[in-house]
Amino acid sequence: MTAPPAPHQRWDPDRYRSEAGFVAELGLPVVDLLAPRAGERILDLGCGEGALTSKLVALGCHVVGVDASADQIARARAEGLDAHVLDGRRLRDEARFRAAFDAVFSNAALHWMKDDPDAVLAGVAAALKRGGRFVGEMGGFGNVDAIRRACHAELRARGADPEAVDPWFFPDVADYRARLERAGFAVRAIELIPRPTRLPGDVRGWLATFADCFLTALPQTEREEAAAAIRARLAPDLQAADGTWTADYVRLRFAADLR
Ligand code: BEZ
């Protein structure tokens, strides 16, 4: 669930658990779409601290988790999972993973692999046995648009360039279908799913967990004030009268088979 090329994105497993527990919970339909069978070998790409990796293990699968965050992987290993630090773009260089898996699963991670999504897909294809499945969900076109626009506006107001630090890749159906096909997959299903998501607390917690890269682009002395200003920009759209916050998530969910 956590992956990198975001230059300044840091992951704190404790904060992740308290602010982002819903990520694994809401990822359960993706596990259903994967339809894992006991005994299968599965690669969990962007496994984060391993909440869904554990679910797959509990279903009797042999699961390897990879994630670019050393802190998240340390937490996953402490839970007894077979988990390794790996940048998704380097997957195709891993000889030990060559044609080793019946399926690759990925929840809420691929949108962090902005720099070279095609290299990631080439790695997924290389890791799969022929006919293997790639099933995943990521942020899709329009995902967290209000939050993204507020972060951009606040950075621009402070003289910083938000494009230079924006870490997210939220493709539409046509874009990602074409990439999957170019990587050698037959796409079985792909759809954009708007999924407004109630946050467990204040949007400041979400920003601290997921939008660190915008705030760290500013001088330390401005970050608190900028986070408060982003919150104020978002309140009219995302905060309800009872004070609760709902983020404007849009998922891109897909299932594809290696030809
Ligand atoms: C997502 O899961 O869609 C997401 C999470 C954090 C930041 C951006 C997107």
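Note that the coordinates shown come from a computational prediction; the quantities given were computed from them, not determined experimentally. (Residues numbered from 1 in each chain as written. Predicted model: local features only at pLDDT ≥ 70, side-chain atom pairs only at ≥ 80, totals over all residues. Heavy atoms only, no water.)

### Observations regarding the layout of surface pockets
The computed volume of the largest pocket comes to approximately 360 Å³. Around the largest pocket, the lining comprises 16 residues; the ones closest to its centre are R10, R15, A208, D212 and L215. Elements that contribute at least two residues to the lining of the largest pocket include exactly α1 (13–25), α9 (203–210), α10 (212–215) and α11 (220–238). Within the lining of the largest pocket, the residues separate by chemical class into six nonpolar, three polar and seven charged. (1 Å grid on protein atoms, 1.4 Å probe; cavity = no way out; pocket = protein on both sides within 12 Å on 5 of 7 lines; lining within 4 Å. Points joined across faces, edges and corners; volume = space filled by probe spheres on them. Helix = DSSP H or I, 4+ residues; strand = E, 2+ residues; numbered from the N terminus. Nonpolar A, V, L, I, M, F, W, Y, C, P; charged D, E, K, R; others polar.)

### Focus on unusual backbone geometry
Of note, the phi angle at A99 is positive, near 50°, even though the residue is not glycine. Along the chain, the position of A99 falls in the loop between β3 (83–85) and β4 (101–107). By relative accessible area, A99 is classed as partly exposed at 44%. A positive phi angle is found at V144, which is not glycine, with a value near 40°. Here V144 lies in the loop between β5 (128–139) and α6 (145–157). (Buried < 20%, exposed > 50% of the residue type's maximum accessible area, 1.4 Å probe, protein only.)

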